[in-house]
Amino acid sequence: MKTARPYRTFNPTGIAPLKDSLPGATAVFCCAGTSLQSFQNEIAPREWPRFAVNGAIRWFKQNWNVPDFWCLADNPIVEHYAEDCLPITTVLALHEAGATCKKVLHNRVVYTADSTNEPITYNDGKSFFSRGTVLIGALEMARYMGVRRAFVFGLD
């Protein structure tokens, strides 16, 4: 019988100020896939937080003006889309992108979180796993923030 590996404890110091900041919220996550072009902002109530994932930040700027959060994990994304990150957008950066975000987006609020290929557990028992797509990391950070329902658009 195979023994399950125990989860490692993770103290998310980079995003700790956001813990439970959106209790019970429903959120909209927009990725940069072509199907995002058919999404209408009126589908979701304005009180639902908007998360732009990677290049969707440009789509937000052109169509909705300001997302509440920009989630990304790669340095080229930061450098390519920095001009689209509006001043009041909070940046959630995963992995090595955090340091680049802080350098390039010096006048923005940037929160960072590291993750690994193994599931890890927050001090409150919530697990965190964010490899494979930035959306997984964005959903996990939102869950840590208290989001309970999520609608995803543009993931194609």
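Nothing here was measured: the structure is a model prediction, and the numbers come from that model.

### Side note on the packing of aromatic side chains
With the rule as written, the count across this model stands at 4 aromatic pairs. Where F29 meets F51, the ring centres are 4.4 Å apart and the plane angle is 15°; that geometry is what we call stacked. Residue F29 is found in strand 2 (residues 26-30), and its partner F51 is found in strand 3 (residues 50-53); the two are separated by 22 residues along the sequence. This pair shows no difference in class: F29 is buried, exactly as F51 is. A centroid spacing of 5.4 Å and a plane angle of 0° characterise the contact between W48 and F151, whose relative ring orientation is stacked.

### So, the nonpolar core
Within the largest apolar cluster, 25 residues are counted, with the highest numbers of intra-cluster contacts made by C30, W70, L72, V91, C101 and L105. Going through the elements one at a time, strand 2, helix 1 (56-63), strand 4 (69-72), helix 2 (75-81), strand 5 (90-94) and helix 3 (97-104) are the ones with two or more residues in this core. Of the residues forming this core, the biggest block, 4 residues, is contributed by helix 1. Of all hydrophobic cores here, the second largest spans 24 residues; its members include F51, F69, A138 and Y144.

Conventions and cut-offs
Residues numbered from 1 in each chain as written. Predicted model: local features only at pLDDT ≥ 70, side-chain atom pairs only at ≥ 80, totals over all residues. Heavy atoms only, no water. Phe/Tyr/Trp six-rings, centres within 6.5 Å; stacked < 30°, edge-to-face > 60°. Helix = DSSP H or I, 4+ residues; strand = E, 2+ residues; numbered from the N terminus. Buried < 20%, exposed > 50% of the residue type's maximum accessible area, 1.4 Å probe, protein only. Core = buried A, V, L, I, M, F, W, Y, C linked by side-chain atoms within 4.5 Å.

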